Amino acid sequence: MDIQGAGLVAMAVLCGTASVLLAVAVIRLWDWRQPGQGRSSRPGHALDGQVQPMVFLFRGPQLVDATPPARGLLDRIGAPDDDWMRLMRWIGPRFPDAPDRLALLSRLGRVELVGQQGQGSATLRLVAEDLGDRLWRLTLTDPGAEHAGIVVDSMSLQAMEEELDLLRGALDQTPMLVWRLDAQDRVTWANAAYLRRAEARAEGALGWPLPRLLDAPKPGPGVSARRAALEDQGIVSWYDCHSHAMGDQVMMFALPADAAVRAERSLRDFVQTLTKTFADLPIGLAIFDQRRNLQLFNPALIDLTNLPTGFLTARPSLFDFLDQLREQRMVPEPKDYRSWRQHMANLESAAATGHHVETWSLPGGQTYRVTGRPHPDGAVAFLFENITTEMSLTRKFRAELLLGAHVLDGLDDALAVFAATGQLVLSNNAYRRLWGAAPATLADALTTWEGAAPHGPGFTALREALQAPDPAQHAGAMAGPQGQLLGWTVTALSGGRQMLRFRMASGQPMTSVQAISPPDELAALRMLPNAMGAD
């Protein structure tokens, strides 16, 4: 009985174990056959022991077949349309020797390369095989992930892919050229704008590595930037190139600068035009910037100030410039240096705040007019003009006017000249002694004469002669302010002006001139000197 019981127990254990194993086998078989759940359909799942590699099958440049991860890689790479070039754009930066080694594939039959996914990332393996009939098979694997699954949150993966698409689209839509250089200055990546310019310049399809369009600056401790030109079919485009180091590689950015170049060229042409114009001016020009350093001068400044050309081209400060003028005795001689220094400081401040003009009488007998004009940006311009000849003419003219005034004042006849508008132009001392202060207008003079002398036909004739429209000469006689007999003559001058001359008759003053009749008045005129011009 004991033996039979033990056998029954062993049999029951065996039957239970077999049933459990059978159930597990059935469950695994059922799970294997469910769509989308088998091992063959989940090669990259985190619980599987290996990751499905990327396999490409090419016939020439055309893709014949590829695994799903391989097709996904090509879709992410994007343009150009050539499948082989799309793959080479991704392989080139990671396998620098790929172009040269793959060129030998037809002769070797198999090529195996090892590269890097990126800076500090895992190692990649590329196996290329020539299958004959122009068929090439390329296999990309990550040795570090062959026996380890990767668990990625689907939401995080979606967010990263959306951000990647946004960044890629932004770089492809930007008008500036963006590219990346490796340690050997080879272009390992470029945006769409760069590729379009490269394709426009290339005679055929683009190869790998991509051509370099611009010589960009090397990154340094400061801001690395330079301007470079790109010529395409006779059209020159300008770019401001910037570089930024990213590990052992360099990111390059080229911003379009055509508008800035045109503006700078226009400004340069304008400055050259002004320079040529200033060179022909007889007026010396000196322009000082905000820091009061000389920035622009013309040859006339050298001729007027006798300053050395080397001194001016060294961009001296304003006070150094004035000190040098003082040494050359080209400024007014001051009483002392302190007062002169204060005067120059006042000159600078006055010129910086508004229009300022000074006249410098130099020790050598010359006279300069110095004009200071402010500029909107804080600069100051000084103009030096030699007005020695002008001042000489002015002094000579003033001397002649003074001489003429002295001659008129020495005459015994009272003279007054009126303009066409009736304004008094001049009068002499004899007129002022006779009638008092000189009037401002002819109307004021008539009022003065009428109030100071007895009214008679002679005064009426004088008023009619002064107001007559014809420029003929008129003469007559009238009573003066003291009752004396005055002969008058009205003479027409150029410009509508009239000259009035009074002359006293010889003899004693008459006591009652108002009673003189016109015939007697004519007789009195005959008594006057012949210089009156009356018959």
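Look up: the structure comes first, before these words.
Computed from a predicted structure; not experimentally measured.

Caption draft 1: Summary view of the overall build of the chain. When you go through the chain residue by residue, the secondary structure sums to 17 helices and 20 strands. The buried share of the chain, taken over its 535 residues, is 33%. Considering only contacts within the chain whose residues lie at least 6 apart along the sequence, 38% involve residues at least 24 apart. By element, 57% of the accessible surface of the chain is carried by carbon and sulfur atoms, the whole surface being about 31900 Å².

Caption draft 2: Quick peek at the environment of Ala170. Examined against the element boundaries, Ala170 turns out to sit in helix H6 (residues 154-173). Taking the C-alpha atoms as reference points, Ala170 and Asn191, separated by 21 residues in sequence, lie 9.6 Å from one another.

Caption draft 3: Highlighting the pairing of strand S9 (residues 235-246). Here eight bridges tie strand S8 (residues 225-232) to S9, and the two strands are oriented antiparallel to one another. Bridge assignment links Arg226 to a residue of S9, and that residue is Cys241. A loop of two residues connects S8 with S9, the two strands running antiparallel in sequence, and Gln233 in this loop sits at a positive phi of about 55°. Between the antiparallel neighbours S9 and strand S10 (residues 249-256) lie two residues, among them Gly247 with a positive phi of about 70°.

Caption draft 4: Main features of the packing of aromatic side chains. Applying the stated rule across the entire model yields 11 aromatic pairs. On the basis of an interplanar angle of 65° and a centroid distance of 6.1 Å, the ring pair of Trp360 and Phe384 is categorised as edge-to-face. Here Phe384 lies in strand S15 (residues 380-386) and Trp360 lies in strand S13 (residues 356-361), a separation of 24 residues in the sequence. Taken together, Phe288, Phe321, Trp360, Phe382 and Phe384 form an aromatic cluster joined through their ring pairs.

Caption draft 5: Local environment of a nonpolar patch on the surface. A cluster of nonpolar residues, Leu267, Phe270 and Val271, forms a patch on the protein surface that exposes about 290 Å² of accessible area. Among the structural elements, Phe270 can be located in helix H8 (residues 258-279).

Caption draft 6: View of the nonpolar core. Judged by nonpolar contacts, the single largest core of 25 residues is most densely connected at Phe56, Leu87, Ile91, Phe95 and Leu138. Elements supplying a minimum of two residues to this core: strand S1 (54-59), strand S2 (62-66), helix H2 (68-77), helix H3 (83-94), helix H4 (98-102), strand S3 (110-116), strand S4 (123-132) and strand S5 (135-141). For this core, the element with the most residues is H3, which contributes five residues. Of all hydrophobic cores here, the second largest spans 24 residues; its members include Leu307, Phe321, Leu362 and Tyr368.

Caption draft 7: Here's a closer look at the sheet that holds strand S14 (residues 367-374). Spatial strand order, S12-S11-S15-S14-S13: five strands in an open sheet with antiparallel pairing. Sheet topology places strand S12 (294-297) and S13 at the edges, where each strand pairs with a single neighbour. Each strand of the sheet is rotated relative to its neighbour by a mean of 20°, with strand direction disregarded. Bridge count between S13 and S14: six bridges; the pairing is antiparallel. From the neighbouring strand, Val357 faces S14, where its bridge partner is Thr371.

Caption draft 8: Geometry of the pattern of salt bridges. Counting across every chain of the model gives 16 salt bridges. Close ionic contact of Glu112 with Arg125 constitutes a salt bridge, the shortest N to O distance being 3.3 Å. Separated by 13 residues along the polypeptide, Glu112 in strand S3 and Arg125 in strand S4 bring together distant segments of the chain. On the basis of relative accessibility, which here comes to 25%, the residue Arg125 falls in the partly exposed class. Taking the shortest distance from any N to any O, the salt bridge between Glu390 and Arg369 comes out at 3.3 Å. On the criterion of sequence distance, the pair formed by Glu390 in helix H13 (residues 388-409) and Arg369 in strand S14 is long-range, its members being 21 residues apart. Exposure remark for Arg369: the relative accessible area of 21% places this residue in the partly exposed category. In the salt-bridge network here, residues are joined through shared partners; they are Arg110, Glu112, Arg125, Glu129 and Arg137.

Caption draft 9: Broad picture of the pairing of S4. Bridging between S3 and S4 involves seven bridges; their strand directions are antiparallel. Bridging from a neighbouring strand, Val114 pairs with Arg125 of S4. By the bridge criterion, seven bridges tie S4 to S5 in an arrangement that is antiparallel. Opposite Val127, over in S5, you have Thr139 as the bridge partner. Linking S4 back to S5 in an antiparallel pair, the connection comprises two residues, with Asp133 at a positive phi of about 55°.

Caption draft 10: Highlighting the packing of helix H15 (residues 442-452) against helix H16 (residues 457-466). Contact geometry of H15 with H16 gives a least axis separation of 11 Å together with a crossing angle of 175°. Between H15 and H16, the interaxial angle falls into the category roughly antiparallel. Contacts from Leu442, Leu446, Trp449 and Glu450 of H15 reach H16 at Phe459, Leu462, Arg463 and Leu466.

Caption draft 11: Expanded view of the packing of H2 against H3. Across the interface, H2 lies against H3 with an axial gap of 9 Å and an inter-helix angle of 85°. Taken together, the axes of H2 and H3 lie roughly perpendicular to each other. Mapping the contact onto sequence places Leu73, Leu74, Asp75 and Ile77 in H2 and Asp83, Arg86, Leu87, Arg89 and Trp90 in H3. Here the contact of H2 with H3 is built from residues that sort into five nonpolar, no polar and four charged.

Caption draft 12: Geometry of the environment of Thr389. Examined against the element boundaries, Thr389 turns out to sit in helix H13. The exposure class assigned to Thr389 is exposed, which follows from its relative accessible area of 59%. Taking the C-alpha atoms as reference, Thr389 lies 8.8 Å from Gln366; in sequence the two are 23 residues apart.

Caption draft 13: Looking closely at the sheet that holds strand S20 (residues 498-504). The strand order S17-S16-S20-S19-S18 describes an open sheet built from five strands, whose pairing is antiparallel. Only two strands of the sheet have a single neighbouring strand rather than two, namely strand S17 (424-427) and strand S18 (474-479). Along the sheet, successive strands turn relative to each other by an average axial angle of 20°, direction set aside. Sheet topology note: the S18/strand S19 (residues 485-492) ladder contains six bridges and is antiparallel. What sits directly across from Ala477, in S19, is Gly487. Its contacts with the sheet put H16 on S18, S19 and S20, and the angle it makes with S19 is roughly 10°.

Procedures and definitions
- Residues numbered from 1 in each chain as written.
- Predicted model: local features only at pLDDT ≥ 70, side-chain atom pairs only at ≥ 80, totals over all residues.
- Heavy atoms only, no water.
- Helix = DSSP H or I, 4+ residues; strand = E, 2+ residues; numbered from the N terminus.
- Buried < 20%, exposed > 50% of the residue type's maximum accessible area, 1.4 Å probe, protein only.
- Contact = heavy atoms within 4.5 Å.
- Areas by Shrake-Rupley, 256 points an atom, 1.4 Å probe, with all protein chains shown as cover.
- Pairing = 2+ DSSP bridges.
- Phe/Tyr/Trp six-rings, centres within 6.5 Å; stacked < 30°, edge-to-face > 60°.
- Patch = residues over 30% accessible without salt bridge, like charges linked within 9 Å, V, L, I, M, F, W, Y side chains within 5 Å.
- Salt bridge = Lys/Arg side-chain N within 4 Å of Asp/Glu carboxyl O.
- Core = buried A, V, L, I, M, F, W, Y, C linked by side-chain atoms within 4.5 Å.
- Axes fitted to C-alpha atoms, helices over the stretch in contact; angles between N-to-C directions.
- Parallel < 35°, antiparallel > 145°, perpendicular 65-115°, else oblique.
- Nonpolar A, V, L, I, M, F, W, Y, C, P; charged D, E, K, R; others polar.

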